[in-house]
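Descriptive analysis of the structure
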Amino acid sequence: MIPELGQLALILALLLAGMQCVLPLIGAVTGNMTWVRVGRPTAYASGLFVLLGFIALTISFVQQDFSVVYVATNSNSLLPLHYRFTAVWGGHEGSLLLWTLVLSMWTVAVALFSRNLPEIFLGRVMAVMGLISIGFLSFMLFTSNPFQRHLPGLPEGNDLNPLLQDIGMIVHPPLLYMGYVGLAVAFAFAVAALMEGRMDSRWVKWSRPWTNLAWAFLTIGITLGSWWAYYELGWGGWWFWDPVENGSFMPWLAATALIHSQAVTEKRGAFKNWTILLSLSAFSLSLLGTFLVRSGVITSVHAFASDPERGIFILAFLGVISGGSLALFAIRSAKLNSGGTFTLASRETLLLSNNLIFSVTTVMVLLGTLFPLIAEAFNWGKVSLGPPYFGFMFFIMMIPAIALMPLGPFSHWKQDNARRWFDNSIWIMLLTLVGAAAIYAAMMSFSPELIVWTSDDFLGKAWQFLKPWLGMVGALWVMLMTLKWTIDYVRKARARNAPLSRGLLGMATAHFGVGVFLIGVTMVISSSTEKDIRMADGESFDVKGYLFTFVGTDRYQGPNYLADRGHFEITYDGDYVSSLYPEKRSYLSGGDIMTEAAVDAGAFRDLFVSLGEPLTDDRDVWSVRIYHKPFIRWIWLGGLIIMLGGILAATDRRYLSRRTEETSKTVPERAVT
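Basis of the calculations
Residues numbered from 1 in each chain as written. Predicted model: local features only at pLDDT ≥ 70, side-chain atom pairs only at ≥ 80, totals over all residues. Heavy atoms only, no water. Salt bridge = Lys/Arg side-chain N within 4 Å of Asp/Glu carboxyl O. Helix = DSSP H or I, 4+ residues; strand = E, 2+ residues; numbered from the N terminus. Buried < 20%, exposed > 50% of the residue type's maximum accessible area, 1.4 Å probe, protein only. Phe/Tyr/Trp six-rings, centres within 6.5 Å; stacked < 30°, edge-to-face > 60°. Axes fitted to C-alpha atoms, helices over the stretch in contact; angles between N-to-C directions. Parallel < 35°, antiparallel > 145°, perpendicular 65-115°, else oblique. Left-handed = near helix turned anticlockwise from the far one by under 90°. Contact = heavy atoms within 4.5 Å. Nonpolar A, V, L, I, M, F, W, Y, C, P; charged D, E, K, R; others polar. Domains from an automatic or database assignment. Buried area = accessible area lost by both parts, 1.4 Å probe. Polar contact = N/O pair within 3.5 Å; in protein donor to acceptor, adjacent residues only side chain to side chain. Core = buried A, V, L, I, M, F, W, Y, C linked by side-chain atoms within 4.5 Å. Pairing = 2+ DSSP bridges.

Right, let's talk about the pattern of salt bridges for a bit. Where side chains of opposite charge bring their charged atoms close, a pairing between them can arise. Considering all chains together, one arrives at 24 salt bridges under this definition. For E348, the salt bridge goes to R268, with nearest N and O atoms at 2.5 Å. Here E348 is found in helix α13 (residues 347-377), whereas its partner R268 is found in helix α10 (residues 243-268), with 80 residues between them in sequence. Overall, E348 belongs to the buried group, its relative accessible area being 1%. Within this structure, R124, E196, R198, D200 and R202 form a network of salt bridges that share partners.

In total, this model carries 38 aromatic pairs according to the counting rule given. When the centroid spacing of 5.8 Å and the interplanar angle of 70 degrees are considered together, the rings of W241 and F249 count as edge-to-face. Exposure class is identical for W241 and F249. Each is buried. Their ring planes at 65 degrees and their centres at 5.0 Å tell us that F631 and W634 sit as a pair that is edge-to-face. Chaining the aromatic ring pairs together yields one cluster made of W215, W239, W241, F249, W252, Y389, F390 and F394.

Next up on the list: the packing of helix α11 (residues 272-294) against α13. Running from N to C, α11 and α13 cross one another at 25 degrees; their axes reach a closest spacing of 13 Å. By the angle class used here, α11 and α13 are roughly parallel. The handedness of the crossing between α11 and α13 comes out as left-handed. Where α11 approaches α13, its residues W274, L278, L285, L288 and L292 are matched on the opposing element by L352, N355, L356, S359, T362, L366, T369, L370 and L373. By residue class, the composition of the contact of α11 with α13 is ten nonpolar, four polar and no charged.

With respect to the helices and strands, L336 occurs in the loop between α12 (308-332) and α13. In this structure L336 comes out as buried when scored by relative accessible area, which is 11%. A C-alpha to C-alpha distance of 48 Å links L336 and A87, two positions 249 residues apart in sequence. Among all residues touching L336, those that are not within four sequence positions of it are M199, K272, N273, I276 and F329.

A few words now on the domain arrangement of the protein chain. Segmenting the protein chain into domains produces domain 1 (2-325) and domain 2 (529-633). Placing a centre on the C-alpha atoms of domain 1 and another on those of domain 2 gives a separation of 39 Å. Carbon and sulfur atoms make up 53% of the area that domain 1 and domain 2 hide from each other, which totals about 1400 Å². Broken down residue by residue, the surface that domain 1 buries against domain 2 is led by L78, P162 and Y230, which jointly contribute 37%. Across the contact surface, domain 1 and domain 2 share zero salt bridges. The tally of links from domain 1 across to domain 2 stands at four residue pairs in polar contact (both at pLDDT 80 or more). Broken down by class, the residue content of the side of domain 1 that touches domain 2 amounts to nine nonpolar, six polar and two charged.

Next up on the list: the nonpolar core. By size, the foremost hydrophobic cluster in this structure holds 162 residues, and its most contacted members are W106, F121, V125, I132, F189 and W203. When residues of this core are assigned to their parent elements, the largest contribution, 18 residues, is made by helix α8 (residues 168-196). With residues up to four places along the chain from it excluded, the contact list for I132 reads L103, A184, F187, F283, F317 and I321. By size, the runner-up hydrophobic cluster in this structure holds 16 residues, among which are F550, I570, L607 and W622.

Our next topic: the sheet that holds strand β10 (residues 621-630). Here four strands make up an open sheet; going across it, the order is β1-β10-β9-β8 and the pairing antiparallel. For this open sheet the edge positions go to β1 (529-536) and β8 (598-600), each flanked by a neighbour on one side alone. For this sheet, the mean inter-axis angle between neighbouring strands, taken without regard to orientation, is 20 degrees. Of the pairings in the sheet, the one linking β1 to β10 comprises eight bridges and is antiparallel in character. Directly across from M535, in β10, lies its bridge partner W622.

Okay, structure coming up:
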């Protein structure tokens, strides 16, 4: 009965989404304000029914209703209760329902907190959000029904993918989807502005907090995904340029360009074309990521690898949404003026450079992700573009971005003086170079391999030598310049007895987080130690001064698996550091073999141990992987700080005003000097 009620709730949600989409548009054309206002209550009702459908599926998992095909496919009677909740979005159908629920949450939030907007404009926004809901609800009901029955019910289910039986999967997908789907709001505002034909800075001011919030969620979602892959997949890496990873990273790159472009459009009325195109592109790339995950065209540990026919539906929907919005942009583009003029030395120029860098980087990642598919389609053979391509190209693209980033807050709108930039930054520049040299010298003493040169690979070693130094220069440059700007800003605000702007503090926080992230990446790439060795009971192995002693293994039974559990004692200069217990699990349902790494986490280093395979019948000799990862936690700390910056910016007081603004007001802002 509960599955039938859940399916009925989704059908009603689809009907209400249709009303939410159609009636406000008709009302806007005919001037019928009653129909225009229908968008908000239908959004509330549709969101409620989607929530009821989600609750119904959750109850089916908790109750182990194996007459529901999706439940039987992704759960069994041995699955612990807390993982039954994770299993709700552990497969294609349930994750699609989660996507639709998150979309409903964003739609309800916009309807609830945007009541100060002009009614016709808000009605158009609701209509666009309703159209997106129609697409995903239709996709779910007609091709991916999570409530499909198997009658009579099966006596036992399969199992949730063991990779997903982890605490990280409880929080990572919802937060990632909050970012993915949240970009639909910026898309809806841009399309509504195009429909209205009034592409001034008003709509940008209204959409900025939503964009910043979605970008913050996407940032923390990607960060948590990196953290999960690091410890759960057993390979000790934090980013692999996997196609599905790229599928979430491309919208983030586009959204990063968007939040900077919005600042220019709101303050100066410039970059209107950029802002609209980036609003359309960011969400379109989210839909493309959805296609990559669900079409079966790529292979990834993150992919659902579903029926390719489902991918055709998403591709068609992507064509309708992206193609339709771009066609509307082409029709309205004649009404878009270039906005205010500015000189070469100005904040606008710096932000234009930011747009170009992040847009080109997005295209670079897109081409690298899709090229293997293109090569296969044209019979060019199997082509794989992995970390060597992405890592090198991304590094090159980010050099100018990092160099210019700290100058933006110091610069003036419209016209500035490059000499003033130099005067503001010269001492920080010198301190950065000296500090990076000192840190790099310490790194070389800790990692002598950094200075090992070979005559037959001079350029490669030169690049190996230079890259970590450049990374440290970039990190210190961003952090020190950001600290200088923040101190100057707070001091001048207090002198004027003026309130601090959360938007500006959020910007500074996010930029500082980039510096923290760069330190983590630089140290991990340049100074990590990775050893794959053979260890017998009682043997020890030294890594960076840490002595790893393999005490042995024991076997135990978990709730739904059997495990070999290793025991490692770690000491440093004879002092006890930690005991680690990596596992090799065999799941009872399906017999999947999984590696559970053990990590001794620290602020400045991680010690990582994972078990490979037993090398003797007595299981007293094992292949073992041992990693020393310096500063790896700073990668995720940087992501967390960047996310906090986005939230701070989204809650700026100028976005919280409840009054309706019918005119565009440009607030002049002087740079901190």
